[in-house]
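Analysis of the macromolecular model
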Amino acid sequence: MKFAKYHGLGNDYLVVEPGEVGGQLQPEHIRWLCDRHYGAGSDGILYGPLPTRKADFGLRIFNPDGSEAEKSGNGLRIFSRYLWDSGRLERQGQDSALFSIHTPGGIVQSQVLSNGQRVTIEMGQASFDSQRIPVTGPAREVLDERMQIDGEALRYCAVTMGNPHCVVLCEQVSAELAHRLGPQIETEPRFPRRTNVQFLQVLDRENLRIEIWERGAGYTLASGSSSCAAAAAAHRLGLCEAHVTMHMPGGQLDIRIHPDFNITMTGPVAKVYEGFCELPPC
């Protein structure tokens, strides 16, 4: 089976085309491929392009534990670069292309820039609606609420970008904090579909910092949808401007929040290598 490996700020994915699998990609295959000791190693699988009438290209996104993700900002940037590299895009001039991608979390508009080195994604509208995220309890906007985790009182907002997020407001953030509290928040009963978790520190009104614990993947160096969710929560609470730089261990993303809370994300993508592997029997 042929695959390609890319990363966006250290958040790495394998792109697998359906025709390479020779059948259905099973959860056991996904776990093996993502394993950093026995497989190629990655933070997830981008399975596509898939046929769709809803957009130019279809895409499914899988977590390392075999579960399916609705949307991934870094994954979408990587998939866009892969489409560029594989010659599937109609170019605008020499170094850009504009097209749409359908994911289970909605349709996004993508623009490849700088000959594939940077990609802009229109990520859709951030919502704090408890029924859309979902979050248990009465219908409401989940803004600046409280919960107790591991004996600590935490302030948080919940957001959906087509996938669920819990943004925890912190004075200081660290990888240790994400590792300690992230797994417990991910599976907290108030989040019936589990949740991605961002630990957010406001550096100033134009710069935010997050540490990330991803649902089904664990600690990650960067996340596009997490960046969008955290920026949306901070802006909704009046803590930052509508155009911010999100700082993560893997690097920085440019996030723009429009008046209707539709969010645009721009960041780099790098190709690592192409390879071949033999899938183990399930």
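Below is a summary of the structure that appears in this document. Note that the structure is a prediction, hence the values are computed from the model and not measured.

1. Thoughts on the packing of aromatic side chains
Two aromatic rings are characterised by how far apart their centres lie and by the angle between their planes. Per the stated rule, a full pass over the model turns up 6 aromatic pairs. Taking the centre distance of 5.9 Å and the plane angle of 90° together, the rings of Phe-57 and Phe-99 count as edge-to-face. Here Phe-99 lies in strand β7 (residues 96-103) and Phe-57 lies in strand β4 (residues 57-62), a separation of 42 residues in the sequence. Considered together, Phe-57 and Phe-99 belong to a single accessibility category, that of buried residues. Relative to Phe-261, the ring of Phe-128 has its centre 6.0 Å away and its plane inclined at 80°; by these criteria the two rings are edge-to-face. Taken together, the positions of Phe-128 in the loop between β9 (118-125) and β10 (145-149) and Phe-261 in the loop between β17 (251-257) and β18 (262-268) put the pair 133 residues apart, joining distant regions of the chain. You'll find Phe-128 and Phe-261 in the same group, each marked buried.

2. Looking at helix α5 (residues 224-236)
Because each turn of an α-helix spans 3.6 residues, side chains separated by three or four positions end up pointing in the same direction. Look at α5: 18 Å from first C-alpha to last across 13 residues, which is about the 18 Å you get at 1.5 Å a residue. Across the 13 residues that make up α5, a large majority, 11, are buried. Along α5, the residues that are buried comprise Gly-224, Ser-225, Ser-226, Ser-227, Cys-228, Ala-229, Ala-230, Ala-231, Ala-232, Ala-233 and Ala-234. Residue Gly-238 follows α5 closely and has a positive phi angle near 80°.

3. Re empty space enclosed by the protein
Counted according to the given criterion, the structure contains 1 cavity of 30 Å³ or more. Reported here for the largest cavity is a volume of approximately 90 Å³. Along its surface, the largest cavity is lined by Tyr-13, Asn-63, Ala-69, Lys-71, Ser-72, Asn-163, Asn-196, Glu-214, Arg-215, Ser-223 and Ser-225. Taken together, the residues that form the lining of the largest cavity break down as 2 nonpolar, 6 polar and 3 charged.

4. Remarks on the pattern of salt bridges
Considering all chains together, one arrives at 23 salt bridges under this definition. For Asp-85, the salt bridge identified is with Arg-81, shortest N-O distance 3.0 Å. One end of the pair is Asp-85 and the other is Arg-81, both in helix α3 (residues 73-85) and 4 residues apart, which spans about a single turn. Accessibility expressed as a relative area gives 34% for Asp-85, which makes it partly exposed. The partner of Arg-209 in a salt bridge is Glu-211, with the nearest N and O atoms 3.7 Å apart.

5. Digging into unusual backbone geometry
A cis amide bond, omega 5°, links Gly-48 with the succeeding residue Pro-49. Position of Pro-49 among the secondary structure elements: in strand β3 (residues 45-50). A cis amide bond, omega -5°, links Ile-133 with the succeeding residue Pro-134. We note that Asn-115 has phi near 60°; this positive angle belongs to a residue other than glycine. Tracing the backbone through its elements, the reader meets Asn-115 in the loop between β8 (106-113) and β9.

6. What about the pairing of β3?
Burial analysis of β3 places 5 of its 6 residues in the buried class, which makes it a mostly covered element. One ladder, built from 3 bridges, connects strand β2 (residues 11-16) with β3; its direction is parallel. Among the inter-strand pairings, Val-16 is bridged to a residue of β3, identified as Tyr-47. Where β3 meets β4, 4 bridges bridge the pair, whose relative direction is antiparallel. Each bridged residue has a counterpart across the sheet, and for Ile-45 the counterpart in β4 is Phe-62.

7. Structural notes on the layout of surface pockets
Considering only enclosed or pocket space, the largest pocket measures out at about 160 Å³ in volume. Lining the largest pocket are Asp-144, Arg-155, Leu-169, Cys-170, Glu-171, Val-202, Leu-237 and Leu-239. Taken together, the residues of the lining of the largest pocket sort by class into 5 nonpolar, no polar and 3 charged.

8. Thoughts on the environment of Leu-154
Mapped onto the secondary structure, Leu-154 falls in strand β11 (residues 152-160). For Leu-154, a relative accessible area of 8% translates into the label buried. A sequence separation of 15 residues divides Leu-154 from Leu-169, and the C-alpha atoms of the two residues are 7.4 Å apart.

9. Some words on helix α2 (residues 27-34)
Taken as a whole, α2 has its buried residues at His-29, Ile-30, Leu-33 and Cys-34. Looking straight down α2, one finds that the buried residues subtend no more than 120° of arc, so they occupy a single side. Taken together, the buried residues of α2 touch β2, β3 and β4.

Thresholds, definitions, all that
Each residue is numbered by its place in its chain's sequence as written, counting from 1. Restriction of local features to residues with pLDDT of at least 70 applies here, the model being predicted, together with a cutoff of 80 or more for giving and counting side-chain atom pairs; totals for whole chains, interfaces and linings are based on all residues. Think of the side-chain values as coming from all heavy atoms in the structure, minus any hydrogens and water. Stacked, edge-to-face and tilted labels apply to pairs of Phe, Tyr and Trp rings (six-membered ring for Trp) whose centres lie within 6.5 Å, assigned for plane angles under 30 degrees, over 60, and everything in between, in that order. Numbering of helices and strands runs from the N terminus; a helix is a DSSP stretch of H or I covering at least four residues, while a strand is a stretch of E covering at least two. With a 1.4 Å probe rolled over the protein chains alone, any residue whose accessible area is under 20% of its type maximum counts as buried; one over 50% counts as exposed, and the rest are partly exposed. Every helix has an expected span of 1.5 Å times one less than the residues it contains. Put plainly, a pocket is an open set of points on a 1 Å grid over the protein atoms alone with protein on both sides within 12 Å along at least five of seven lines, a cavity is a set where a 1.4 Å probe fits but cannot get out, and a lining residue has an atom within 4 Å of a point. Grid points are joined across faces, edges and corners, and a volume is the space filled by probe spheres set on the points. Gly counts as polar in this scheme, as do all residues outside two lists: the nonpolar Ala, Val, Leu, Ile, Met, Phe, Trp, Tyr, Cys and Pro, and the charged Asp, Glu, Lys and Arg. Any Lys or Arg side-chain nitrogen located within 4 Å of an Asp or Glu carboxyl oxygen qualifies as a salt bridge. Should DSSP find at least two bridges between two strands, the strands are taken to pair. The directions considered for the arc are those from the helix axis to the C-beta atoms. Between two residues, a contact is recorded if the distance between any of their heavy atoms is within 4.5 Å.

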